[in-house]
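# Coordinate analysis (summary)
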Amino acid sequence: MEFSYRFYTNHDCKYLPCHKTDDVENFNCLFCYCPLYMLEEKCGGNFEIKDGVKDCTNCMIPHKPRGYDYINQKLGEYIAEMTIKRLENDL
Ligand code: SF4
């Protein structure tokens, strides 16, 4: 598949789709667990805080066909922010 590095659907997964959707053919399984979870409220996703725990049940960002692009952009921004902070602290 031409873009398998950024999108694939695991039709063998018994949990597919693991989030509610009417469009299983465009369900992206690339990020089964969202790498942006660590960003807490800065991830930009549709999360809720339940009993102090971040709940991503209603977020489809990692499972959209363009989820790879969104997540890579956010991770790049986070790395740049952390690098700047580290450099400022080292001065
Ligand atoms: S799944 Fe959505 S709400 Fe949860 S961390 Fe990822 S982007 Fe944020």
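Residues numbered from 1 in each chain as written. Predicted model: local features only at pLDDT ≥ 70, side-chain atom pairs only at ≥ 80, totals over all residues. Heavy atoms only, no water.

### Thoughts on the overall build of the chain
The condition is simple: Secondary structure is summarised from DSSP: a helix means a run of H or I of at least four residues, a strand means a run of E of at least two, and numbering begins at the N terminus for each. We compute the radius of gyration over the C-alpha atoms and compare it with the globule rule, which gives 2.2 Å times the number of residues raised to the power 0.38. Classification of residues uses two cut-offs on accessible area relative to the type maximum, computed with a 1.4 Å probe and protein chains only: under 20% is buried, over 50% is exposed, and between them is partly exposed. Throughout, a contact is declared for two residues whenever any of their heavy atoms are within 4.5 Å. Areas reported as accessible are Shrake-Rupley estimates using a 1.4 Å probe. Residue values count occlusion only from the protein chains shown. For the purpose of counting charges, residues Lys and Arg are taken to be positive, whereas Asp and Glu are taken to be negative. His and the chain ends are not included. In plain terms, the charge of a residue is placed at NZ if it is Lys, CZ if Arg, CG if Asp and CD if Glu.
A count of helices and strands for the chain gives one helix and two strands. Ordered by position in the sequence, the α and β elements of the chain form the string β-β-α. In terms of C-alpha radius of gyration, the chain reaches 16 Å, well past the compact-globule figure of 12 Å for 91 residues. C-alpha extents for the chain along the principal axes are approximately 50 × 40 × 15 Å. Relative to its 91 residues, the chain shows a buried fraction of 22%. Nonlocal contacts in the chain, meaning residues at least 24 apart in sequence, comprise 49% of its contacts between residues at least 6 apart. Split by element, the accessible area of the chain, about 6,900 Å² in all, is 54% carbon and sulfur. Once the 11 positive and 15 negative side-chain charges of the chain are each reduced to a mean point, those two points are 1 Å apart.

### Details of the side chain of Lys 74
Definition in use: Throughout this description, the term salt bridge denotes a Lys or Arg side-chain nitrogen within 4 Å of a carboxyl oxygen of Asp or Glu. Under this definition, polar contacts are N or O atom pairs within 3.5 Å; protein pairs additionally need one hydrogen-donor-capable and one acceptor-capable atom, and for neighbouring residues in sequence, both atoms have to be side-chain atoms.
Counting through the fold element by element, Lys 74 comes out in helix α1 (residues 67–90). Glu 77 is the oppositely charged side chain nearest to the buried, salt-bridge-free Lys 74, at an N-O distance of 4.2 Å. Engagement of the side chain of Lys 74 in a polar contact is seen with the backbone oxygen of Lys 42, the distance being 3.5 Å. The residues touching Lys 74, leaving out its near neighbours within four places in the chain, are Leu 36, Lys 42 and Cys 43.

### Considering the nonpolar core
Formally: Buried Ala, Val, Leu, Ile, Met, Phe, Trp, Tyr and Cys residues form a nonpolar core when they are joined through side-chain atoms within 4.5 Å.
Residues Phe 31, Leu 36, Leu 39, Cys 43 and Ile 71 constitute the largest nonpolar core, which totals five residues. Once residues within four sequence positions are removed from consideration, Ile 71 is found in contact with Phe 31, Cys 34, Pro 35, Leu 36 and Pro 62.

### Here we look at α1
For the record, the criterion: Every helix has an expected span of 1.5 Å times one less than the residues it contains.
With 24 residues, α1 extends 34 Å between its outermost C-alpha atoms, agreeing within 8% with the 34 Å of an ideal straight helix rising 1.5 Å per residue. Those residues of α1 lying buried are Gly 67, Ile 71 and Lys 74.

### Re the side chain of Asn 28
Examined against the element boundaries, Asn 28 turns out to sit in the segment before β1 (48–50). The exposure class of Asn 28 is buried, given its relative accessible area of 0%. Within the structure, the side chain of Asn 28 is placed 3.0 Å from the backbone oxygen of Arg 6, a separation counted as a polar contact. Engagement of the side chain of Asn 28 in a polar contact is seen with the backbone nitrogen of Leu 30, the distance being 3.0 Å.

Keep in mind that these numbers describe shape and distance, not what the molecule does.
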